[in-house]
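Residue-level structure breakdown
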Amino acid sequence: MMAGWKVLLQVFTLLSYFWIVTASFDSKYIKTQVFREGSNCVKDGFDAMGIMENRSRSLIHCSILCSSTENCRRFMFDKETKLCSMFESGENCITDEEVDNIICYRQKYVCNKLHCTRCPIGYYGDQCQHIIQDCSEGRSKLLFPEKKMLSFIHPSLNGPVIEVNCAFKWGGLTYIHYRNYKCLELDFNRTMDEYANGFGHPHGNYWLGLEHVYNILQNHPIFALQVVFTFDSPDWNWVQGFYYGFNISDRLDHYRVTFSFYYPSPTNPLGDSLTNGAYTINGRPFSTYDSDSSKHDCPGRFNGGWWYLDDPVCSRANVNGKRHATSFESSWHWQDDLGDRTSFHDVNLCIVRFTGTLLLF
């Protein structure tokens, strides 16, 4: 009889331990999504900014490793290989392996009785109670390391918290458009609703969404739009320029775009294909194939949404075209300075708050 009670006590102890560990795990972590991406995108993308990899005995053990590892805010566990990968930022995970074998968790926070010591990137305060409006705010308040990171932002009090790519250096760049040829191709020939709400995911290629961009632009008097093209070449040459006074109207006004002036980078200048003379898109509404203000089927010809001219030329730029299109019009291109070039490593649009000093990087 005594032996039976000992067995029951051992079982009860194990179950209690399991319940305590599981409850603690559930209170500290949020299960998130896993996306399939190309192997080169996984190696070189935002997800590659890992802290470390370890073989782990179990999912719970992997979570304990993350909790005890400085700056770990997310982990990915491979049920088959038992590989535990830990990351400094981000909500979801990407892999080039079978998605069914991968589990992803984001840490809610790490706090003691007095204050939080590890908030998700984008959140700050003693209890992680505040969140930045855009990446420029994170930079101006010196809240995060000066590097590219996945971050949460809250552009509007009445809107959702969203995840973006941030560069917490220079003035603090919020990526509103991110395209990298190493990541899986993303179709940019979308509806107006999709362009308004955003599509893709921040680990790979994505469009943030015009509604989110509009909300960000309401939080500061003046913003600049940065355009960067990186070439397919051994040296990865790049060029960039800045459109100061960047703004868009609301959806009722079709997200009409305005700029004040253009300033190319002094060291790596990009020609002006958006406000060049008669072909300026200044004041133009945004067009998609289901809401075309161009009157010349520009979204259909360019294979993507944009602020097209009411002119057969449509635009001297196409950042939302296809990588390997059958026509020049529907390929990524930027005619001024780059001419008929259509081969690029990546094309990005970022916004940064303008504080009265020209950006010179």
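These notes cover the structure that comes with them. (Residues numbered from 1 in each chain as written. Predicted model: local features only at pLDDT ≥ 70, side-chain atom pairs only at ≥ 80, totals over all residues. Heavy atoms only, no water.)

Considerations on the overall build of the protein
Counting its secondary structure elements, the protein contains 8 helices and 24 strands. In terms of overall dimensions, the protein has a C-alpha envelope of 95 × 45 × 40 Å along the principal axes. Taking all 361 residues of the protein together, 51% fall into the buried category. Taking all contacts inside the protein whose residues are at least 6 apart in sequence as the whole, residues at least 24 apart take part in 57%. Summed over its atoms, the accessible surface of the protein is roughly 17,000 Å², and 54% of this surface lies on carbon and sulfur atoms. (Helix = DSSP H or I, 4+ residues; strand = E, 2+ residues; numbered from the N terminus. Buried < 20%, exposed > 50% of the residue type's maximum accessible area, 1.4 Å probe, protein only. Contact = heavy atoms within 4.5 Å. Areas by Shrake-Rupley, 256 points an atom, 1.4 Å probe, with all protein chains shown as cover.)

Remarks on the packing of aromatic side chains
Counted according to the given criterion, the structure contains 23 aromatic pairs. Their ring planes at 40° and their centres at 4.3 Å tell us that Tyr243 and Tyr262 sit as a pair that is tilted. In this pair, Tyr243 sits in strand β18 (residues 238-244) while Tyr262 sits in strand β21 (residues 261-264), placing the two residues 19 residues apart along the sequence. The pair Tyr243 / Tyr262 is uniform in exposure class, with both members buried. Ring geometry for Phe246 versus Phe259: centroids 5.8 Å apart, planes at 20°, classification stacked. One end of the pair, Phe246, is in the loop between β18 and β19 (247-248); the other, Phe259, is in the loop between β20 (257-258) and β21, and 13 residues separate them in sequence. Accessibility assignment for this pair places Phe246 and Phe259 in one class, buried. The structure contains a cluster of three or more aromatic residues connected by ring pairs, namely Phe188, Tyr195, Phe199, Trp207, Phe286, Trp306 and Trp307. Above the plane of the ring of Phe87 lies Arg74, whose end atom (NZ or CZ) is 4.3 Å from the centre. The ring of Phe231 has Arg341 lying over it, and the distance from NZ or CZ to the ring centre is 4.2 Å. (Phe/Tyr/Trp six-rings, centres within 6.5 Å; stacked < 30°, edge-to-face > 60°. Lys NZ or Arg CZ within 6 Å of the ring centre and 35° of its normal.)

Description of unusual backbone geometry
Most of the time, phi is negative for any residue but glycine, and the peptide bond is trans. Positive phi is not limited to glycine here, since Asn71 has a value of about 70°. Here Asn71 falls in the partly exposed class, since its relative accessible area comes to 32%. Unlike most non-glycine residues, Cys314 shows phi in positive territory, near 70°. By the secondary structure assignment, Cys314 is in the loop between α7 (298-302) and β22 (317-318).

Let's talk about the pattern of salt bridges
The final tally for this structure, using the stated rule, is 12 salt bridges. One salt bridge connects Glu146 with Arg139, and the closest N-O pair in it is separated by 3.0 Å. Here Glu146 falls in the exposed class, since its relative accessible area comes to 52%. Bridged by salt links that share partners, the residues Arg179, Glu185 and Arg323 form one connected network. (Salt bridge = Lys/Arg side-chain N within 4 Å of Asp/Glu carboxyl O.)

Let's talk about helix α6 (residues 210-217)
With respect to burial, α6 is a largely interior element, 6 of its 8 residues being buried. Considered for burial, the residues of α6 that qualify are Leu210, His212, Val213, Asn215, Ile216 and Leu217.

Some words on the state of the cysteines
Evaluated as defined, the whole model comprises 8 disulfides. In this model Cys111 forms its disulfide with Cys116; the gap between the sulfur atoms is 1.8 Å. Taking the torsion about the S-S bond as the criterion, the Cys111 to Cys116 disulfide, at about 85°, is right-handed. Residue class for Cys116 comes out buried when judged on its relative accessible area of 9%. No disulfide involves Cys350; its nearest neighbouring cysteine sulfur is the one of Cys135, lying 8.5 Å away. (Disulfide = S-S within 2.5 Å.)

Details of the sheet that holds strand β5 (residues 83-87)
With antiparallel pairing, 5 strands are arranged side by side in an open sheet as β1-β7-β4-β5-β3. Two strands in the sheet have a free side with no partner beyond their single neighbour: β1 (29-32) and β3 (50-55). Here the average twist between neighbouring strands, direction ignored, is 20°. Packing against the sheet, helix α3 (residues 59-68) makes contact with β1, β3, β4 (74-78), β5 and β7 (102-107), and its axis sits at approximately 155° to β4. (Pairing = 2+ DSSP bridges. Axes fitted to C-alpha atoms, helices over the stretch in contact; angles between N-to-C directions.)

Some points on the environment of Asp272
In this structure, Asp272 sits in the loop between β21 and α7. Placed 63 residues apart in sequence, Asp272 and Gln335 show a C-alpha to C-alpha distance of 8.6 Å. Those residues in contact with Asp272 that sit more than four places away from it in its chain are Tyr243, Tyr262, Trp334 and Asp336. A polar side-chain atom of Asp272 sits 2.6 Å from a polar atom in the side chain of Tyr243. (Polar contact = N/O pair within 3.5 Å; in protein donor to acceptor, adjacent residues only side chain to side chain.)

Quick word on the side chain of Ser330
Note on placement: Ser330 falls in the loop between β22 and β23 (333-334). Take Ser330: its relative accessible area is 4%, and that puts it in the buried class. Once residues within four sequence positions are removed from consideration, Ser330 is found in contact with Arg301, Phe302, Asn303, Asn318, Gly321, Lys322 and Ala325.

Focus on the nonpolar core
Core analysis: the biggest nonpolar cluster contains 70 residues, and Leu225, Phe229, Phe246, Ile248 and Trp334 have the highest contact counts within it. Of all hydrophobic cores here, the second largest spans 12 residues; its members include Tyr29, Cys62, Phe75 and Ile103. (Core = buried A, V, L, I, M, F, W, Y, C linked by side-chain atoms within 4.5 Å.)

Some words on the environment of Ile132
Locating Ile132 in the fold gives a position in the loop between β11 (130-131) and α4 (135-140). Spatially, the C-alpha atoms of Ile132 and Leu143 are 9.5 Å apart, while their sequence positions differ by 11 residues. Setting aside residues up to four positions removed in sequence, Ile132 forms contacts with Gly122, Tyr124, Glu137, Gly138, Leu143, Phe144, Ser151, Phe152, Ile153, His154 and Phe168.

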